Amino acid sequence: MGLPVLVVDDSTLARRLLINALPDAWDIDVSQASNGSDAIAAYREGRASIMFLDLTMPGMTGFDVLETVRAEGLDSFVIVVSADIQPEARVRVKALGAVAFVEKPVSSEKLLPILKEYGLYE
């Protein structure tokens, strides 16, 4: 069984594009969530050692997910993937524990350096 990876975005197309941008040879087990509440539930079920997280979702936003993960002392490697490129958003997600911020549209060229930098993919 591969490393549990969770892709969180309210857009089915955005989730599909992100999954397609992940390295083919990466030994992972991908789960998906379409909102923040489902993301937290998936995390609690052990399906999110690595979480790719959108910020703008109805209901529980990506910021809310990060706050919950932090408040509950949960340990997940979170990479935010968002079209929200405002400097304030980047600073806020880093302060909430995200390790990286990737601007949409996502691509393997944007993801690979981050995965390699943190030793997640060689």
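A.B. asks: It is not clear to me how the pairing of strand S3 (residues 50–53) should be interpreted in this structure. Could you clarify?
C.D. replies: Put simply, side chains in a regular strand alternate between the two faces of the sheet. Burial of S3 is two-sided: the residues Ile 50 and Phe 52 facing one way and the residues Met 51 and Leu 53 facing the other way are all buried. Where strand S1 (residues 3–8) and S3 come together, 4 bridges link them in parallel fashion. Bridge pairing links Val 5 to Ile 50 in S3. Examined bridge by bridge, S3 and strand S4 (residues 77–82) share 4 bridges and lie parallel to one another. Looking across to S4, one finds that Leu 53 is bridged to Val 80. For the crossover from S3 across helix H3 (residues 62–71) to S4, the handedness is right-handed.

A.B. asks: Explanation requested: the confidence of the model for the protein chain in the structure shown.
C.D. replies: Close reading of the predicted structure is inappropriate where its pLDDT is low. On average, residues of the protein chain carry a pLDDT of 93, and 100% of them reach 70 or more. Looking across the protein chain, the model is least confident in helix H4 (residues 87–95), with a mean pLDDT of 91, and most confident in strand S2 (residues 28–33), with 98.

A.B. asks: Whenever I open this one, helix H5 (residues 108–117) confuses me. Can you help?
C.D. replies: The periodicity of an α-helix, 3.6 residues per turn, causes residues three or four places apart in sequence to face the same way. Every buried residue of H5 is accounted for by Leu 111, Ile 114 and Leu 115. In an axial view of H5, the angular spread of the buried residues amounts to 100°, which keeps them on one side of the axis. Across H5 from its buried face, at more than 90 degrees, point the exposed residues Glu 109 and Glu 117. For H5, the secondary structure elements touched by its buried residues are helix H1 (12–21), S3, S4 and strand S5 (100–103). With its phi angle positive at about 70°, Gly 119 sits one or two positions after the end of H5.

A.B. asks: Please explain the sheet that holds S1 as it appears in this structure.
C.D. replies: What the 5 strands build is an open sheet, ordered S2-S1-S3-S4-S5; its pairing is parallel. Lying at the two open borders of the sheet, with one neighbouring strand each, are S2 and S5. Between one strand axis and the next, the sheet turns by 20° as a mean value, whatever way the strands run. Relative to S3, H3 is tilted by about 150°, and along the sheet it contacts S3 and S4.

Analysis parameters
- Numbering of residues starts from 1 in every chain and runs along the sequence as written.
- In view of the model being predicted, local features appear only for residues whose pLDDT reaches at least 70, and side-chain atom pairs are presented and counted only at 80 or more, with totals across whole chains, interfaces and linings using the full set of residues.
- In computing side-chain properties, one takes all heavy atoms of the structure into account and sets aside hydrogens as well as water.
- For each residue, the accessible area found with a 1.4 Å probe, counting protein chains only, is set against the maximum for its type, and the residue is called buried under 20%, exposed over 50%, and partly exposed in between.
- Under the DSSP-based scheme used, a helix requires at least four consecutive residues in state H or I and a strand at least two consecutive residues in state E, with every element numbered from the N terminus.
- Pairing between two strands is assigned when DSSP locates at least 2 bridges connecting them.
- Viewed with both strands pointing away, a crossover whose connecting path from the first strand over the helix to the second turns clockwise is right-handed.
- Each residue carries a pLDDT score, the predictor's own confidence in it, on a scale running from 0 to 100.
- Arc definition: it is the arc formed by the directions from the helix axis to the C-beta atoms.
- Contact between two residues is taken to exist if any of their heavy atoms lie within 4.5 Å; hydrogens are not considered.
- All axes here are fitted lines through C-alpha atoms, helices being fitted over the stretch that makes contact, and every angle between N-to-C directions spans 0 to 180 degrees.

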